[in-house]
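Close look at the chain arrangement
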Amino acid sequence: KNIEKDLNTFRREIPDTALFTLYYNISTLYFGSREYHKSLSWINKIINHPKGISREDVQAWSRIVQILIHYELNTQDILPHLLVSTYRFLHKKKLLYKVEESILRFIRRSGNIDTSQKAQMDEFRRFRDELVKITKDPNEKKAMEYFVLISWLESKIENRPFAEMVRK
């Protein structure tokens, strides 16, 4: 609440690049505390900003986090649209790392898998193993600096809070 109040007070003095990075960080903090609607509100401030933002990396990962938020909210009906939109954005901006491509494939597949606990856990493990292999490439590992995706997957596999897995 204090940050929001201060943001309104000092908004004009904060450069857009710093502001959007702050929005992104606030969104991921809410994501980590399972406050997905608040997380979505902050991430949408980046994605829906009328002027756009100069930090395409933040814009790209904001779109990916938006997909993960909707995945957590179980709003499956919007995921196909977000997947196509995000893929187009990443492809057009030439920001499509193997990591991002893998995330988009995982989310697309997750809508088609058996909803049994075992099938879901198998898919999370398969995706985690895929990411571990991909991130052996230093360029791909750099892409993972924006979101601790492997910790998110481990939280799903171990049925523990994401924030706990990040701390671990």
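Just above sits the structure.
One structure accompanies this document, and this report is about it. (Residues numbered from 1 in each chain as written. Predicted model: local features only at pLDDT ≥ 70, side-chain atom pairs only at ≥ 80, totals over all residues. Heavy atoms only, no water.)

Describing the overall build of the protein chain
What counts here: Going along the chain from the N terminus, every DSSP run of H or I of four or more residues is numbered as a helix, and every run of E of two or more is numbered as a strand. Only C-alpha atoms enter the radius of gyration, while the globule expectation follows 2.2 Å times N to the 0.38, with N the number of residues. Two residues qualify as a contact provided that any one of their heavy atoms is within 4.5 Å of a heavy atom in the partner residue. Methods summary: accessible areas were calculated by the Shrake-Rupley approach with a probe of 1.4 Å, and residue burial reflects only the protein chains presented.
For the protein chain, the count of helices and strands is ten helices and zero strands. Order of helices (α) and strands (β) in the protein chain, N terminus to C terminus: α-α-α-α-α-α-α-α-α-α. For 168 residues, the compact-globule estimate of 2.2 N^0.38 gives 15 Å, and the protein chain sits close to it at 16 Å. Its C-alpha atoms put the protein chain at 50 × 35 × 35 Å along the principal axes. For the protein chain, contacts bridging at least 24 residues in sequence account for 56% of all contacts bridging at least 6. Summed over its atoms, the accessible surface of the protein chain is roughly 9,800 Å², and 51% of this surface lies on carbon and sulfur atoms.

Side note on the packing of aromatic side chains
This is how it is decided: Two rings belonging to Phe, Tyr or Trp (six-membered ring only in the last case) form a pair when the distance between their centres is within 6.5 Å. Interplanar angles under 30 degrees mark stacking, angles over 60 mark edge-to-face geometry, and anything in between is tilted. Burial classes follow relative accessibility: with a 1.4 Å probe on protein chains only, a residue under 20% of its type's maximum area counts as buried, one over 50% as exposed, and anything between as partly exposed.
In this structure the tally under the stated criterion is twelve aromatic pairs. Residues F20 and Y23 carry aromatic rings whose centres are separated by 5.9 Å and whose planes lie at 75° to one another, so their mutual orientation is edge-to-face. Taken together, the residues F20 and Y23, both in helix α2 (residues 16–32) and three residues apart, mark about one turn of the helix. Among the residues examined, F20 registers a relative accessible area of 2% and is labelled buried. With centroids separated by 6.1 Å and ring planes inclined at 90°, the aromatic side chains of F124 and W152 adopt a geometry described as edge-to-face.

Some remarks on unusual backbone geometry
Trans is the prevailing form of peptide bonds, just as negative phi is the prevailing case for residues other than glycine. Despite not being glycine, N74 has its phi angle at roughly 60°, a positive value. Tracing the chain through its elements places N74 in the loop between α4 (56–73) and α5 (79–92).

Regarding the pattern of salt bridges
The following threshold applies: Within this document, salt bridges are pairs made up of a side-chain nitrogen of Lys or Arg and a carboxyl oxygen of Asp or Glu, the two lying within 4 Å of each other.
Considering all chains together, one arrives at 13 salt bridges under this definition. In this structure, D122 and R125 form a salt bridge, with 3.7 Å as the shortest nitrogen-oxygen distance. Here D122 and its partner R125 are both found in helix α7 (residues 117–134), three residues apart, which amounts to about one turn of the helix. Judged by relative accessible area, which is 34%, D122 ranks as partly exposed. Each member of the salt-bridge network shares a partner with another, and the members are R105, R109, E123, R126 and E130.

Brief notes about helix α6 (residues 98–110)
Condition: One less than the number of residues in a helix, times 1.5 Å, gives the span that helix is expected to have.
A rise of 1.5 Å per residue sets the reference length of α6, with its 13 residues, at 18 Å; its end C-alpha atoms lie 18 Å apart and thus fit the reference within 8%. Of the positions making up α6, those classed as buried are V99, E100, S102, I103, L104, F106, I107 and S110. On its buried face, α6 sits against α4, α5, α7, α8 (138–143) and α9 (149–158).

The quantities given are spatial measurements derived from coordinates; they are silent on function.
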